[in-house]
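# Summary of structural features
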Amino acid sequence: MTEPAAVAAPKPHIAHEVPHEALGFWRKYVFSTDHKVIGIQYAITGLLFLLFGFSLMMLMRWQLAYPGAALPLLGRLLGEARMPGGTMLPEFYNELGAMHGTIMVFLGVVPLAVGGFGNFVVPLQIGAQDMAFPRLNMASYWSFFLGGVTMLASFLVPGGAAQGGWTSYTPLSVLAGTGQTMWLIGMIFLITSSLLGAINFITTIIQLRAKGLTFLRFPFFVWTQFVTAFLLLLAFPPLEAAAVMQLMDRVAGTSFFLPSGLVVSGQVVAVAGGGNPLLWQHLFWFLAHPEVYVLILPGMGIVAEIIANNTRKPLWGYRSMVYSLVFLGFMSFIVWAHHMFMTGMGTAMAAFFQTTTMIISIPSVVILTALIISLWGGSIRFNTPMLFAVAFLPMFGIGGLTGLPLGLNVADIPLHDTYYVIAHFHYVVAPGTIFALFAGIYYWFPKATGRKMNETLGKIHFFGSLVCMNVVFMPMFLMGLAGVSRRLFDGGASYAFAQPVLHLNVVSSWGAWTLAIFQIPFIFNFFWSIWKGEQTDGNPWQATTIEWAAPSPPPHGNFPVAPEAYRGPYEYSVPGAAKDFLPQYEA
């Protein structure tokens, strides 16, 4: 009996077996189409914008703590036009406030969370060689960059930068100086960038998944980026249309947002009229409430990855977290007018938006609760990424719980324009989202560079930041409950009722300046570790998700052999297994 002919083993698909042309410096590192390079470009640019926006806030904190006092050293350097004798003019304070909010949200957190982490991590986590549309990806980054530069350049034009707040409310913003025009042009660039990125993420996640990677085998981080991309795609077009209309009001004599008979400085404004200032608010908040979730959802995804990895156990309630995430994305489109209770909407509309606001808190609570329960019984490793991830939970919890009174008409009206709102929003974004982003930087730094960041410097950065963040924002709740308005350039010094709580402005300001000092270990650690950090193997955290199948740092094409997904994303501590983690990509 003859033996059957030996069957040749199937040749593994080599992910980058097609030779590619050698690229020069500019095409490899500047005008790159590689998702990893673009992700790093987004991350570095976003971090620089965050630093600049944080610096603007520190100038504001001097004016709030010591109103009318000359700013040491920097006061005269900023020029007599803005700071005569080193003391801050109200107009300059308004510039700082408008640009601080704009930069931190649109130029800092979103580009870092979506453009940076999304671009770098998502294709690796789904086993793709790159994004679906690499050139579109490059266009997305450069559109963001141009928008940011346009906005920052507005500080140099006569009259200074935008003064209409980060919300650019009409009709004030239509009547402001040239800086507001540059703000709108920059915003159009930024929105275009986000739309290009959103299309790319959705297509990539659906079409370029590794074999075997079903939707319910996605890491939670991929789900958060997927939902975030839909939020950007559906919510940003109304604001882009609104920005174009406001730009036309400013430069083309239209009156989309200017009402008839508007009187400014005793003179009737010569426009056709008939516009509605509230139309801008509806268009803006239809974007800006989903935008809150664009900020927070990628942070939740990062925290989920790190908690699963450092508790050495699966995420508790993974499916309920995914379903909550999708529901959260849907609901975020029907709560926007809770920002507008002050406009005098009718009781029926107020009741509707109060109800949807209370409902949307439920999926957030489900996700937060699942992350907290995931800690139960875990063999927890308290490394730097885990410290930031665990601190995210109570900080975001404080931000979320303090937002509930603002979703109720009767409580929002007295609280709306006070420091209470500033404290609530910043607890969500600063010790909330930004802590999650720091966690992600420490966690995926070895994937990007092949080296780990220094743990001692990381812990100094964490503990200092945790204490200072609370020193900055917790007093604002007390000031808000005392009725101090958030829009006063002297922090309430001219109002008798505010005198008992004015010392809290000094406390917040010193907290902010000390917080800046604690960012120095991070900045040093980040750049020092690129060249001198401890070298690691391909999977230093012993993680299970597909990105760790690629070399660190990943080469062109990411994977030597196209990976397959054989199981779910969090197979830690499986009974009877030889080791305490079973990677998705191991058969």
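Below is a short write-up of the structure. Bear in mind the structure is a predicted one, so any value in this text is a computation, not a measurement.

The number of helices and strands found in the protein is 17 helices and four strands. Relative to a compact globule of 587 residues, whose C-alpha radius of gyration would be 25 Å, the protein shows 25 Å and is just as compact. A principal-axis box enclosing the C-alpha atoms of the protein has dimensions of 110 × 55 × 50 Å. Here the protein holds 587 residues, and 57% of them are scored as buried. Counted over contacts in the protein with a minimum sequence separation of 6, partners at least 24 positions apart contribute 79%. Charge-centre separation for the protein: the mean point of 25 positive side chains lies 5 Å from the mean point of 23 negative side chains.

The grouping of Phe25, Trp26, Tyr29 and Phe31 at the surface amounts to a nonpolar patch, some 510 Å² of accessible area in total. Within the secondary structure layout, Tyr29 lies in helix H1 (residues 25-30).

Let us look at the pattern of salt bridges. This structure, assessed with the given rule, holds eight salt bridges. Linking Arg76 and Glu80 is a salt bridge whose minimum nitrogen-to-oxygen distance equals 3.9 Å. Residue Arg76 is classed as exposed on the basis of its relative accessible area of 61%. Residue Glu455 is joined to Lys459 by a salt bridge in which the shortest nitrogen-to-oxygen separation is 2.8 Å. Separated by four residues within a single helix, Glu455 and Lys459 lie in helix H15 (residues 455-481), roughly one turn from each other. A single network of salt bridges, built from pairs that share partners, joins Asp417, Arg486 and Arg487.

Two elements in contact, helix H11 (residues 347-374) and helix H12 (residues 384-403), have axes whose closest approach is 11 Å; the angle formed by their N-to-C orientations is 150 degrees. Between H11 and H12, the angle falls in the class roughly antiparallel. Note that H11 runs across H12; the crossing there is left-handed. Touching Leu368, Leu371 and Ile372 of H11 are Leu393, Phe396 and Gly397, all from H12. Residues that form the contact of H11 with H12 fall into these classes: five nonpolar, one polar and no charged.

Here helix H7 (residues 178-207) spans 44 Å end to end across 30 residues, near enough to the 44 Å set by a 1.5 Å rise per residue. Most of H7 sits inside the fold, with 21 of its 30 residues counted as buried.

The phi torsion of most residues other than glycine is negative, and most of the peptide bonds are trans. The step from Thr170 to Pro171 runs through a cis peptide bond, and the omega angle for that step is 0 degrees. Within the secondary structure, Pro171 sits in the loop between helix H5 (134-153) and helix H6 (172-175). A cis amide bond links Ser552 with the next residue in sequence, Pro553, at an omega value of -5 degrees. Relative to the assigned elements, Pro553 resides in the segment after strand E4 (534-535). Notably, Leu73 is not glycine yet its phi reads approximately 65 degrees, a positive angle.

Viewed as axis vectors pointing N to C, helix H4 (residues 90-125) and helix H14 (residues 419-449) meet at an angle of 35 degrees, and their least axial separation amounts to 11 Å. When you trace H4 past H14, the crossing you get is left-handed. Together, Tyr93, His100, Val105, Val109, Leu112, Ala113, Phe117, Phe120, Val121, Leu124 and Gln125 of H4 and Tyr419, Phe425, His426, Val429, Thr433, Ile434, Leu437, Gly440, Ile441, Trp444, Lys447 and Ala448 of H14 make up the contact between the two elements. Along the lines of polarity and charge, the residues of the contact of H4 with H14 split into 17 nonpolar, five polar and one charged.

Let us look at helix H10 (residues 318-331). The end-to-end C-alpha distance of H10, which contains 14 residues, comes to 20 Å, matching closely the 20 Å that a straight helix rising 1.5 Å per residue would cover. Every buried residue of H10 is accounted for by Tyr318, Met321, Val322, Ser324, Leu325, Leu328, Gly329 and Met331. Those residues of H10 that are buried are in contact with helix H8 (220-251), helix H9 (277-311) and H11.

Calculation notes
Residues numbered from 1 in each chain as written. Predicted model: local features only at pLDDT ≥ 70, side-chain atom pairs only at ≥ 80, totals over all residues. Heavy atoms only, no water. Helix = DSSP H or I, 4+ residues; strand = E, 2+ residues; numbered from the N terminus. Rg over C-alpha atoms; globule rule 2.2 N^0.38 Å. Buried < 20%, exposed > 50% of the residue type's maximum accessible area, 1.4 Å probe, protein only. Contact = heavy atoms within 4.5 Å. Lys, Arg positive; Asp, Glu negative; His and termini not counted. Charge placed at Lys NZ, Arg CZ, Asp CG, Glu CD. Patch = residues over 30% accessible without salt bridge, like charges linked within 9 Å, V, L, I, M, F, W, Y side chains within 5 Å. Areas by Shrake-Rupley, 256 points an atom, 1.4 Å probe, with all protein chains shown as cover. Salt bridge = Lys/Arg side-chain N within 4 Å of Asp/Glu carboxyl O. Axes fitted to C-alpha atoms, helices over the stretch in contact; angles between N-to-C directions. Parallel < 35°, antiparallel > 145°, perpendicular 65-115°, else oblique. Left-handed = near helix turned anticlockwise from the far one by under 90°. Nonpolar A, V, L, I, M, F, W, Y, C, P; charged D, E, K, R; others polar. Expected span 1.5 Å × (residues − 1).

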